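# Inside the fold
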Amino acid sequence: MIPVTKPFLPPQEDYQKYLTGIWQRNWLTNMGPLSSELEMRLKEFLNVNHLLFVTNGTVALQMAIKALDLKGDVITTPFSFVATTSSIVWEGCNPIFVDIDKESLNIDPCKIEAAITPHTTAIIATHVYGNPCDVVTIDAIAKKHNLKVIYDGAHAFGVEVNGKSIFEYGDIATCSLHATKLYHSIEGGLVFTQDPNLLKKLAFIRNFGFNGPDAFIELGINGKNSEFHAAMGLVNLNHIDIIRNKRKTITERFSEKLLNHRSRKQIWHKQSENNYAYYPIIFQSEEAMLKAMDFLKAHEIFTRRYFYPSLANTLPYLEPKNFEITDAIAKCVMCLPLYPDLSMEEVDLICRLLMRIQNN
Ligand SMILES: *Cc1c(COP(=O)(O)O)cnc(C)c1O
């Protein structure tokens, strides 16, 4: 059986070593020494000045919206994971969807301005499969219309644009460290900002708004993460180069073997390099995609329709709305299995089956 993804697990002894310290200190959560160490090491690894380790990628988004005090309408993408939209609704704002660009699969900056009204307060865009949005154009539009920008970088761990971390774009950026993501701390998330005042506010929000033992400065939430999760993050960071290299090798093999496959790929940002988080392919029709998916499944190989369906016409709490590009791509896209343990033989088998079924 080949699943679509398999969480990376480091050698158990490596994790065990951190547990001894946790037992000795008896400090289990609330920004303990391992959480601080993880924050420090991630700042170094990602080459960013500021970040906060939080509960998960969804809470990271909710904290970002709260910290920027967003109200009214928020422009966003219908082609993302549900958390991008649900966080907007959860924080009492209205998501206003704008269609995606058919090559980058990110929100189409050319269509953003037409959606801006006096009620618009922000743009929340996703770096889809880790591919950077057109951050320069989006930031220019935001400045012109006095809007805030949040980037959902759940897929974008380790991605850079023009030699700068993708997480340094926008007023706030977020990342997810969920077990299924490229780099993980079992559950976990990151919040990034360049603004020291905003950072301070986010730190208060993460800890119930506490300002000293008996004082409160903000409306807060419990956005903290535990020492056990930080430990997994620390151990996994020691393996990140291996994880990345294996994913790169698998990706290149897929591309080589699928050269003549009748599908196309997302076009990556010119000033950026793939982080190999996913291997999505876009079929010429939904029928061809489903046929391939069923055929692989019959061979116990599991793929995923990701993202499907469009967030704009599937959520029970929103009026359904159709978008030409998003709807077409959501119907035809499939993510192939991709995880460090996947062997070359398995990659070759997947490719052979995909080539066979398209010619049937
Ligand atoms: C995974 C994901 C999230 C949510 O992250 P969690 O850590 O699972 O809460 C948000 N946005 C996108 C695009 C994601 O893929």
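Residues numbered from 1 in each chain as written. Predicted model: local features only at pLDDT ≥ 70, side-chain atom pairs only at ≥ 80, totals over all residues. Heavy atoms only, no water.

The chain goes by dTDP-4-amino-4,6-dideoxygalactose transaminase in an unreviewed UniProt entry, where it is assigned to Flavobacterium tiangeerense.

What follows is about the site of the ligand. Around the ligand sit 16 residues, and of these T58, D152, H155, S176 and K181 come closest. One of the side-chain N or O atoms of D152 is found 2.7 Å from a nitrogen atom in the ligand. Breaking the shell around the ligand down by element, the ones donating at least two residues are α3 (57–67) and α4 (82–90). Residue classes in the shell around the ligand are distributed as four nonpolar, ten polar and two charged. (Near = heavy atom within 4 Å. Polar contact = N/O pair within 3.5 Å; in protein donor to acceptor, adjacent residues only side chain to side chain. Helix = DSSP H or I, 4+ residues; strand = E, 2+ residues; numbered from the N terminus. Nonpolar A, V, L, I, M, F, W, Y, C, P; charged D, E, K, R; others polar.)

For the rest of this paragraph, the subject is the nonpolar core. Counting 89 residues, the largest nonpolar core has F79, Y129, F157 and F254 as its most contacted members. Broken down by element, the residue count for this core peaks at seven residues, all from helix α11 (residues 344–358). Lining this core are residues from two domains, each supplying at least three of them: domain 1 (12–237) and domain 2 (240–359). Ranked by size, the runner-up nonpolar core spans 23 residues in total, among them L61, A64, L70 and V191. (Core = buried A, V, L, I, M, F, W, Y, C linked by side-chain atoms within 4.5 Å. Buried < 20%, exposed > 50% of the residue type's maximum accessible area, 1.4 Å probe, protein only. Domains from an automatic or database assignment.)

To continue, consider the sheet that holds strand β12 (residues 333–335). As a general point, the strands of a sheet are linked pairwise by backbone hydrogen bonds and lie either parallel or antiparallel. Read from one edge to the other, the open sheet built from three strands follows the order β10-β11-β12, with strand pairing classed as antiparallel. The open sheet terminates on both sides in strands that have one partner only, identified here as β10 (263–264) and β12. Where strand β11 (residues 280–283) and β12 come together, three bridges link them in antiparallel fashion. Residue pairing in the sheet places P280 in a bridge with C335 of β12. Strand contacts of helix α9 (residues 286–298): β11 and β12, with the helix running at about 25 degrees to β12, the strand carrying the most contacts. The sheet contacts of helix α10 (residues 324–332) involve β10, β11 and β12, and relative to β12 the element is tilted by about 45 degrees. (Pairing = 2+ DSSP bridges. Contact = heavy atoms within 4.5 Å. Axes fitted to C-alpha atoms, helices over the stretch in contact; angles between N-to-C directions.)

Side chains of strand β3 (residues 94–97) alternate between two faces, with P95 and F97 buried and N94 and I96 left unburied. As judged from the four bridges shared by strand β2 (residues 73–76) and β3, these two strands associate in the parallel manner. Bridged to V74 within β3 is P95. Crossover handedness for the path β2 to α4 to β3: right-handed. (Right-handed = clockwise from strand over helix to strand, strands pointing away.)

Across all of its chains, the model carries 13 aromatic pairs by this definition. Note on F254 and Y279: the rings are 4.9 Å apart at their centroids and 40 degrees apart in plane angle, and the pair reads as tilted. On the criterion of sequence distance, the pair formed by F254 in helix α8 (residues 240–257) and Y279 in the loop between β10 and β11 is long-range, its members being 25 residues apart. Each of the two residues, F254 as well as Y279, counts as buried. Aromatic ring contacts, followed pair by pair, group F79, Y129, Y278, Y306 and F307 into a single cluster. Cation over ring: K181 sits above F81, and NZ or CZ is 5.8 Å from the ring centre. A cation over a ring is seen here: R305 above Y308, with NZ or CZ 3.6 Å from the ring centre. (Phe/Tyr/Trp six-rings, centres within 6.5 Å; stacked < 30°, edge-to-face > 60°. Lys NZ or Arg CZ within 6 Å of the ring centre and 35° of its normal.)

Looking along the chain, the bond that leaves Y306 and enters F307 is cis, with omega of 5 degrees. Position of F307 relative to the elements: it lies in the loop between α9 and α10. A positive phi angle, close to 60 degrees, is found at N47, a residue other than glycine. Following the sequence through the fold, N47 ends up in the loop between α2 (33–46) and β1 (52–54). Take N47: its relative accessible area is 54%, and that puts it in the exposed class. The phi dihedral of Y276 is positive, around 60 degrees, even though this residue is not glycine. Mapping Y276 onto the fold places it in the loop between β10 and β11.

Turning next to the sheet that holds strand β4 (residues 120–126). Across the sheet, seven strands lie side by side as β1-β9-β8-β5-β4-β2-β3; this open sheet has mixed pairing. Here the strands that pair on one side only, and so sit at the sheet edges, are β1 and β3. Going across the sheet, the axis of each strand differs from the next one's by a mean of 25 degrees, ignoring polarity. Of the pairings in the sheet, the one linking β4 to strand β5 (residues 148–152) comprises five bridges and is parallel in character.

Below, the discussion takes up the domain arrangement of the chain. Taken domain by domain, the chain comprises domain 1 (12–237) and domain 2 (240–359). Its C-alpha centre places domain 1 at a distance of 25 Å from the equivalent point of domain 2. Listed per partner, the contact involves 39 residues of domain 1 and 33 residues of domain 2. Counting each side, the surface lost to burial between domain 1 and domain 2 is near 3200 Å², with a carbon and sulfur contribution of 65%. Three residues stand out in domain 1 for area buried against domain 2, namely F79, Y129 and L182, and they jointly supply 23% of the buried area on that side. Summed over the shared surface of domain 1 and domain 2, the number is zero salt bridges. Counting across the interface, domain 1 meets domain 2 through 18 residue pairs in polar contact (both at pLDDT 80 or more). At the level of elements, α4, β3, β6 (160–161) and α7 (227–238) are the ones that each hand at least two residues to the side of domain 1 that touches domain 2. For the side of domain 1 that touches domain 2, the element with the highest residue contribution is α4, accounting for four residues. Its residues assigned to classes, the side of domain 1 that touches domain 2 shows 22 nonpolar, ten polar and seven charged. (Buried area = accessible area lost by both parts, 1.4 Å probe. Salt bridge = Lys/Arg side-chain N within 4 Å of Asp/Glu carboxyl O.)

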